[in-house]
Amino acid sequence: MKREDCVYTSCYCEENVWKLCEFVREQQTAPLEELSVVFISNDNRTVPLWKQKSGCGDQPVIWDYHVILLQASLESDTQVYDLDSELSFPCSLELYASQALRSDHSLMPMYHRKFRVIPAEIFLMNFASDRSHMRNPDGTWKMPPPPYPPIRTAESQMNLETFINMNPAVGWGQVFSLNHFLQRYMRKSSSSAAASALP
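Residues numbered from 1 in each chain as written. Predicted model: local features only at pLDDT ≥ 70, side-chain atom pairs only at ≥ 80, totals over all residues. Heavy atoms only, no water.

Per an unreviewed UniProt entry, the chain goes by the name Protein N-terminal glutamine amidohydrolase and belongs to Takifugu flavidus. Checking UniProt for the chain, the heading Sequence similarities (unreviewed entry) contains the comment "Belongs to the NTAQ1 family." (UniProt positions renumbered as here; feature names shortened; annotations may be inferred.)

With that settled, consider the overall build of the chain. A count of helices and strands for the chain gives six helices and eight strands. Its helices and strands in sequence order give the chain the pattern α-β-β-β-β-β-β-α-β-α-α-β-α-α, from N to C terminus. In terms of C-alpha radius of gyration, the chain reaches 16 Å, essentially the compact-globule figure of 16 Å for 199 residues. With respect to the three principal axes, the spread of C-alpha positions in the chain is 45 × 40 × 35 Å. Within the chain, buried positions represent 47% of all 199 residues. When contacts within the chain are restricted to residue pairs at least 6 apart in sequence, those whose partners lie at least 24 apart make up 68%. (Helix = DSSP H or I, 4+ residues; strand = E, 2+ residues; numbered from the N terminus. Rg over C-alpha atoms; globule rule 2.2 N^0.38 Å. Buried < 20%, exposed > 50% of the residue type's maximum accessible area, 1.4 Å probe, protein only. Contact = heavy atoms within 4.5 Å.)

Centre distance and the angle of the planes are the two values used to describe a pair of aromatic rings. Under the defined criterion, the tally for this structure stands at 11 aromatic pairs. Taking the centre distance of 5.9 Å and the plane angle of 65° together, the rings of Phe-39 and Phe-123 count as edge-to-face. Here the residue Phe-39 occupies a position in strand 1 (residues 35–41), and Phe-123 occupies one in helix 3 (residues 120–126), the gap between them amounting to 84 residues. For the pair Phe-39 and Phe-123, a shared accessibility class is recorded, and that class is buried. Arranged with centres 5.9 Å apart and planes meeting at 80°, the rings of Phe-176 and Tyr-185 form a pair that is edge-to-face. For Tyr-185, a relative accessible area of 10% corresponds to the buried category. Through a chain of ring-to-ring contacts, three or more aromatic side chains come together here, namely Phe-39, Tyr-65, Phe-123, Phe-127, Phe-163 and Trp-172. The ring of Trp-141 has Arg-135 sitting right over it, with the charged end atom 3.7 Å from the ring centre. (Phe/Tyr/Trp six-rings, centres within 6.5 Å; stacked < 30°, edge-to-face > 60°. Lys NZ or Arg CZ within 6 Å of the ring centre and 35° of its normal.)

On to the nonpolar core. By size, the foremost hydrophobic cluster in this structure holds 29 residues, and its most contacted members are Val-37, Phe-39, Leu-69 and Phe-123. Of all elements in the fold, only helix 1 (13–27), strand 1, strand 4 (66–71), helix 3 and helix 4 (160–164) reach the threshold of two or more residues within this core. For this core, the element with the most residues is helix 1, which contributes six residues. Membership of the second largest hydrophobic core comes to 24 residues, among which are Val-38, Val-61, Val-80 and Leu-182. (Core = buried A, V, L, I, M, F, W, Y, C linked by side-chain atoms within 4.5 Å.)

With antiparallel pairing, six strands are arranged side by side in an open sheet as 6-5-4-1-7-8. Edge positions in the open sheet fall to strand 6 (91–92) and strand 8 (174–177), since each of these has one partner strand only. Pairing of strand 5 (residues 79–81) with strand 6, which is carried by two bridges, proceeds in the antiparallel orientation. Across the sheet, the residue bridging to Val-80 is Cys-91, located in strand 6. Sitting on the sheet, helix 5 (residues 178–185) touches strand 1, strand 4, strand 7 (114–119) and strand 8, and the angle it makes with strand 8 is about 110°. (Pairing = 2+ DSSP bridges. Axes fitted to C-alpha atoms, helices over the stretch in contact; angles between N-to-C directions.)

In this section: unusual backbone geometry. Cis geometry marks the peptide bond from Phe-89 to Pro-90, where omega comes out at -5°. Relative to the elements of secondary structure, Pro-90 occurs in the loop between strand 5 and strand 6. Despite not being glycine, Cys-11 has its phi angle at roughly 75°, a positive value. Relative to the assigned elements, Cys-11 resides in the segment before helix 1. One non-glycine residue, Gln-28, adopts positive backbone phi at about 55°. Within the secondary structure, Gln-28 is located in the loop between helix 1 and strand 1. Judged by relative accessible area, Gln-28 falls into the exposed class, the value being 67%.

This part is about the pattern of salt bridges. Tallied over the entire structure, the rule returns five salt bridges. In this structure, Arg-131 engages Glu-15 in a salt bridge whose closest nitrogen and oxygen atoms are separated by 2.8 Å. Of this pair, Arg-131 sits in the loop between helix 3 and helix 4 while Glu-15 sits in helix 1, and the two are 116 residues apart along the sequence. Take Arg-131 and Glu-15: they sit in the same class, and that class is buried. A salt bridge links Lys-19 to Glu-22; the shortest N-O distance between them is 3.3 Å. With Lys-19 and Glu-22 both in helix 1, this residue pair falls three residues apart, about one helical turn. The pair Lys-19 / Glu-22 is uniform in exposure class, with both members buried. (Salt bridge = Lys/Arg side-chain N within 4 Å of Asp/Glu carboxyl O.)

What follows is the structure in structure tokens.
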């Protein structure tokens, strides 16, 4: 998958990743079972990420949430697809961890990140957004929406909040702390190297 093959709309990361999963399923560019969608957020909706296109220098961008795609296979290192990142596309989770995620150790607790990991097939089947979260009180758009119709299912027109919520008892997938996320998805040989690279 190349960056130029991807459907992209600024500030609609959840839909960008949904479209990326759809592309993989239709074009069969990778086994869908290797892919997971990762929502990054916390109870305060303040999660810092570095190496973002909208950032300034080495300052992090503070998102209320962000969404990336993870490809994990037994044959190779886990890859991250982040269309909002300045890093390569894709890049190894090891690189993404050291450059974009960095560490929670130097952050105030309100900025500690959590990760909801959902199998791509489950995400494609269940995600829905009417984009109401991107409207101002007067109905105008905070940012222009994607040109295609809103994503919906037979059961729902809007369940984005379920994916952003980091309560493990709610919604689909599993919720991890940063350390547990890296331990789960980074190869052991890479994990120690990445840990030593974290500030």
